[in-house]
Amino acid sequence: MENIAGQNNTLKWAVNISVVLLVVAWLIPTVGLFVSSFRDRDQITASGWWVAPFSVELTFRTRGDATPTQDGDLWVIEGNIFDTAEVAETFESGDATITGFGVTARAPDEFPAGTEGETRDGGLLTVNADGSYRFTSTEEPDDRGPRVYFAAETPPSFTLDNYRTILTSDNMDRAFINTLTVTIPATIIPILIAAFAAYALAWMEFPGRGLLIAVIVGLLVVPLQLALVPLLNLHNRIGIGQSFVGIWMAHTGFGLPLAIYLLRNYMVGLPRDIIEGAKVDGATDFQIFTKIILPLSFPALASFAIFQFLWTWNDLLVAKVFLPSDDASRVMTVKIADDLLGSRGGDWGILATAAFVSIGVPVLVFFTMQRYLVRGLLAGSVK
Amino acid sequence: MSPLLQGALTILVGVFGCVGYFYAANLVLDKFIFPAKGPHTGRNINRANAVRPWLFLFPAIFALSLYLVYPVIGSLIRSLHNRAGDEFIGLGNYAFLFSDPTFLTALFNNALWALVVPASATFLGLVVAQLTDRLSWGNIAKSLIFMPMAISFVGASLIWKFVYAGDPDIGIINAIRDNFGWELVDPVQLPFWNNFFLMAILIWIQTGFAMVILSAALRGIPEETVEAAIIDGAGPLQLFFKIKVPQIMGTIVVVWTTITILVLKVFDIVYTMTGGNFGTDILPSYMMSFMFRDDGRATAVAVVIMIVVLPVMIWNIRQARQEMR
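Here's a quick rundown of the structure. Remember, predicted model here, so these are calculated numbers, not experimental data.

What follows deals with the overall build of chain B. The number of helices and strands found in chain B is 14 helices and zero strands. In chain B, the succession of α and β elements from N to C terminus is α-α-α-α-α-α-α-α-α-α-α-α-α-α. In terms of C-alpha radius of gyration, chain B reaches 26 Å, well past the compact-globule figure of 20 Å for 325 residues. Structurally, chain B occupies a C-alpha span of about 95 × 70 × 45 Å along its principal axes. Looking at chain B as a whole, 50% of its 325 residues qualify as buried. Across chain B, every contact between residues at least 6 apart in sequence was considered, and the portion connecting residues at least 24 apart equals 66%.

So this is what it looks like as structure tokens:
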């Protein structure tokens, strides 16, 4: 294969380049989110994340000093714009340069740095690139100091502020814990139930086995939507209502068909000799199951566990219906979709950070357990 | 009690409950009901073995009937009743649906989704699988393209909100348009085409799934057929379309149907991106607009979704039965 003559070299290059392009296209959206989550709020709206490492031109407004000196018949105010009260905090590090300045909010960078501009009350203002300014007027300025607008190249700033905000003030920490609370029991409980059932369907002879397997294959594709109303009503009738208990049970029920199907497919493939040998030696089904089948099925159990974990962690629909919609029990997906998108709609840094907090754990699980995930996918689909 | 503690307790109760149930049930069966001793030992063992599968299956069957079989029937019945659920109105809810233009839009959009998303995801997945097949860094590339599978639909929607944002300093699409001096657009508000921009998100997620399965299928193709084709002078494209694709057709169909079923259930993307506005409603999101408000109509939409899925379900069952023979 490797040595088909001629065309091979160009082909190889074409393949390599197209794969690189594909991978880049696939990664761009996520990288954008990742970069944005570390950027300063003002910088996000001022420049795209793709130029995040470069400095950004931001506009500010401030007032000059209020104490003029007299120079002949002129009133003069001098100083450095970066030290004025309204912006001093922003420019503490002090490596910004001014590109332009203005005297109205409509045209904050009307005049280039170093030139002279006229203020509305007839004074003259000069702001240099390094921030020094000089204001002259024939009349005595009022005691608030002249209003100055300016645009400055500010160096890129990466902060953890967004993470701090989202984790402390937006109840996202609560939502994170809630997601965890929903996910773990909803992952563990179906596994055991499914494992016993899968063993019976794989290794026990009984009438109706084929029919049961067919039913489970059918249930695999039942749309969740059908289950919502009747089950919620049922939960309300038996007193569970919208609660964690309810969502654990719902996830368990919804996860079972896939669990049974995956585990049965795997268990059927286990060597017959071992199981029959054990039977001949007098082992009961219960012993065979716990001592032989369960340990041997570990890869399939792990596959399903990862599936169920990802599915319950990422779920929005079930959580919206089976959990109450107050801050105390919202999971992260609901929190983002129903709360943050509304209340923080324009605050891209916070949104990016929230999304990143919610996808961090599953992505981590994905990269560490990918082997089992792939195996599970293959067992579930290719037969 | 804090939910976390409650969760830990539930795990304990669940796990020990299950193990305890299976252990005790087996014990009772073997020791008391059909003891393997006394005058009827043989008959008892046979009977115990006939009952045992049902012991193993009982919790699963119980949960499945309660959480999947019962709701199917329950939804069907509920959809024939009015909003309050106290009056039988026959097909009234369905009549309402088919006279509601929003429903018809949702149905049409859903058909679009069900055609475009599985086709694109499967095609892209196949292309990536083939391209990365012999690549030295193929596994890394695959892993990165597979990664969106781990991201929730809500998370993915947010990620793409950044891509689609109307502000050229946030959305990369508008940044590019701005760069060329073109008019800025808001992709999710463009009538009709916005559907395709939303579909792109699901395609982005599902391509990895198609790729993983198709790549395994490609690896499974017997080398001899490929070698024979090369000796007969087949070019790379011919090799791919005439030799490889036909041999993995079965897998392609499985991938296609799996993604189709998923498409019919996903409401998160539309819900997060547009809330069903701008003519982007699909059936699942349309259903959510009735959820908690009008159970009759909500279940009627669910039943429509079920009817759409039904052919796939029947096909799946037939496939599974064939394999077992």
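Here the focus is the pairing of strand β8 (residues 132-137) of chain A. Residues and elements named next belong to chain A. Here strand β3 (residues 74-80) pairs with β8 via six bridges, running antiparallel. Residue pairing in the sheet places Trp75 in a bridge with Ser137 of β8. Inspection of the sheet shows strand β7 (residues 124-127) paired to β8 by four bridges, in the antiparallel sense. Along β8, the bridge assignment pairs Thr126 with Arg134. From the end of β7 to the start of β8, which pair antiparallel, there are four residues, and Gly131 there has a positive phi angle of about 105°.

Attention now goes to the sheet that holds strand β9 (residues 147-154) of chain A. All names here are of chain A. Ordered in space as β1-β9-β4-β5, the four strands form an open sheet in which the pairing is antiparallel. Either end of the sheet is taken by a strand with one partner, and the two such strands are β1 (56-63) and β5 (111-112). Here strand β4 (residues 97-102) pairs with β9 via five bridges, running antiparallel. Its bridge partner being in β9, Thr97 is matched across the sheet by Glu153.

Moving on, we come to the sheet that holds strand β2 (residues 69-71) of chain A. Residues and elements named next belong to chain A. Spatial ordering of the open sheet is given by β2-β3-β8-β7-β6, a layout of five strands whose pairing is antiparallel. Strands at the two margins of the open sheet, each flanked by one partner only, are β2 and β6 (116-118). Adjacent strand axes in the sheet meet at a mean angle of 25°, parallel and antiparallel pairs treated alike.

The subject of this paragraph is the packing of helix α5 (residues 138-146) of chain B against helix α8 (residues 193-219) of chain B. All names here are of chain B. Between α5 and α8, whose axes approach to 8 Å, the crossing angle comes to 145°. Taken together, the residues of α8 that come into contact with α5 (itself represented by Lys142, Ile145 and Phe146) are Thr207, Gly208, Phe209, Met211, Val212, Ser215 and Arg219. A breakdown of the residues in the contact of α5 with α8 according to their chemical character gives five nonpolar, three polar and two charged.

Conventions we followed
Residues numbered from 1 in each chain as written. Chains lettered and ligands numbered in written order. Predicted model: local features only at pLDDT ≥ 70, side-chain atom pairs only at ≥ 80, totals over all residues. Heavy atoms only, no water. Helix = DSSP H or I, 4+ residues; strand = E, 2+ residues; numbered from the N terminus. Rg over C-alpha atoms; globule rule 2.2 N^0.38 Å. Buried < 20%, exposed > 50% of the residue type's maximum accessible area, 1.4 Å probe, protein only. Contact = heavy atoms within 4.5 Å. Pairing = 2+ DSSP bridges. Axes fitted to C-alpha atoms, helices over the stretch in contact; angles between N-to-C directions. Nonpolar A, V, L, I, M, F, W, Y, C, P; charged D, E, K, R; others polar.

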